[in-house]
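Coordinate analysis (summary)
Here is how the chains run, residue by residue.
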Amino acid sequence: MATASARHILVKDKALAEKLKQQLDKGADFAKLAKKHSTCPSGKRGGDLGEFRRGQMVKAFDDVVFKKDVLKIYGPVKTRFGFHLIQTIYRS
């Protein structure tokens, strides 16, 4: 079974997600932005979700983590929880 580790920043507003993505593209610290802005409890850990298996997250999130390039930041990705900026740390 495929596993991966990822971190994310979850916000309710697409405009804020896009603004944070621009900051990340310019070299902003992912963990600091997650701690400051993320509405997910993982924000306290810099957005770190730890390791999980395919199918444990909602489909749109899984699709990024298991199909897109590792270490690149993707988003905003819309789910029922809000808008995510997602970075896959590794996958196997």
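Scroll up to find the structure this text is about.
Below, the structure is looked at part by part. Owing to the predicted nature of the structure, the values given are computational and were not obtained by experimental measurement.

Take the pattern of salt bridges next. All told, the structure shown has three salt bridges when counted by the stated rule. Here Lys 21 makes a salt bridge to Asp 25, at a shortest N to O gap of 3.0 Å. Of the two residues, Lys 21 and Asp 25 both sit in helix α1 (residues 14-25), four residues apart, roughly one turn of that helix. On the accessibility criterion, Lys 21 (16% relative accessible area) is buried. A salt bridge links Lys 67 to Asp 63, with the nearest nitrogen and oxygen atoms 3.6 Å apart. Taken as a pair, Lys 67 and Asp 63 lie in helix α3 (residues 59-67) at a separation of four residues, close to a single helical turn. Look at Asp 63 and you get partly exposed, because its relative accessible area is 24%. Residues joined by salt bridges that share partners form a network here, namely Lys 59, Asp 63 and Lys 67.

Here the focus is the sheet that holds strand β2 (residues 48-53). With respect to topology, four strands assemble into an open sheet ordered β2-β1-β4-β3, the strand pairing being antiparallel. Looking along the sheet, the strands with just one partner apiece sit at the ends: β2 and β3 (73-79). Here the strands of the sheet are splayed against their neighbours by 40 degrees on average, with no regard to which way each runs. Where β3 and strand β4 (residues 82-91) come together, five bridges link them in antiparallel fashion. Bridge pairing links Ile 73 to Gln 87 in β4.

Checked against the element boundaries, Ala 2 lands in the segment before β1 (3-11). Take Ala 2: its relative accessible area is 24%, and that puts it in the partly exposed class. When the C-alpha atoms of Ala 2 and Leu 85 are compared, they prove to be 21 Å apart, with 83 residues separating the residues in sequence. With residues near it in sequence (within four places) discarded, Ala 2 still touches Phe 52, Arg 53, Arg 54, Phe 66 and Ser 92.

Once that is clear, we can look at the nonpolar core. Formed by Ile 9, Val 11, Ala 17, Leu 20, Leu 24, Phe 30, Leu 33, Ala 34, Ile 73, Phe 83 and Leu 85, the largest nonpolar core amounts to eleven residues. Residue assignment for this core shows that the elements contributing at least two residues are β1, α1, α2 (30-37) and β4. Ignoring any residue separated from it by four or fewer positions in sequence, one finds Phe 30 in contact with Arg 7, His 8, Ile 9, Leu 24, Gly 46, Ile 73, Leu 85 and Gln 87. Membership of the second largest hydrophobic core comes to ten residues, among which are Ala 6, Val 65, Phe 66 and Ile 86.

Thresholds applied
Residues numbered from 1 in each chain as written. Predicted model: local features only at pLDDT ≥ 70, side-chain atom pairs only at ≥ 80, totals over all residues. Heavy atoms only, no water. Salt bridge = Lys/Arg side-chain N within 4 Å of Asp/Glu carboxyl O. Helix = DSSP H or I, 4+ residues; strand = E, 2+ residues; numbered from the N terminus. Buried < 20%, exposed > 50% of the residue type's maximum accessible area, 1.4 Å probe, protein only. Pairing = 2+ DSSP bridges. Axes fitted to C-alpha atoms, helices over the stretch in contact; angles between N-to-C directions. Contact = heavy atoms within 4.5 Å. Core = buried A, V, L, I, M, F, W, Y, C linked by side-chain atoms within 4.5 Å.

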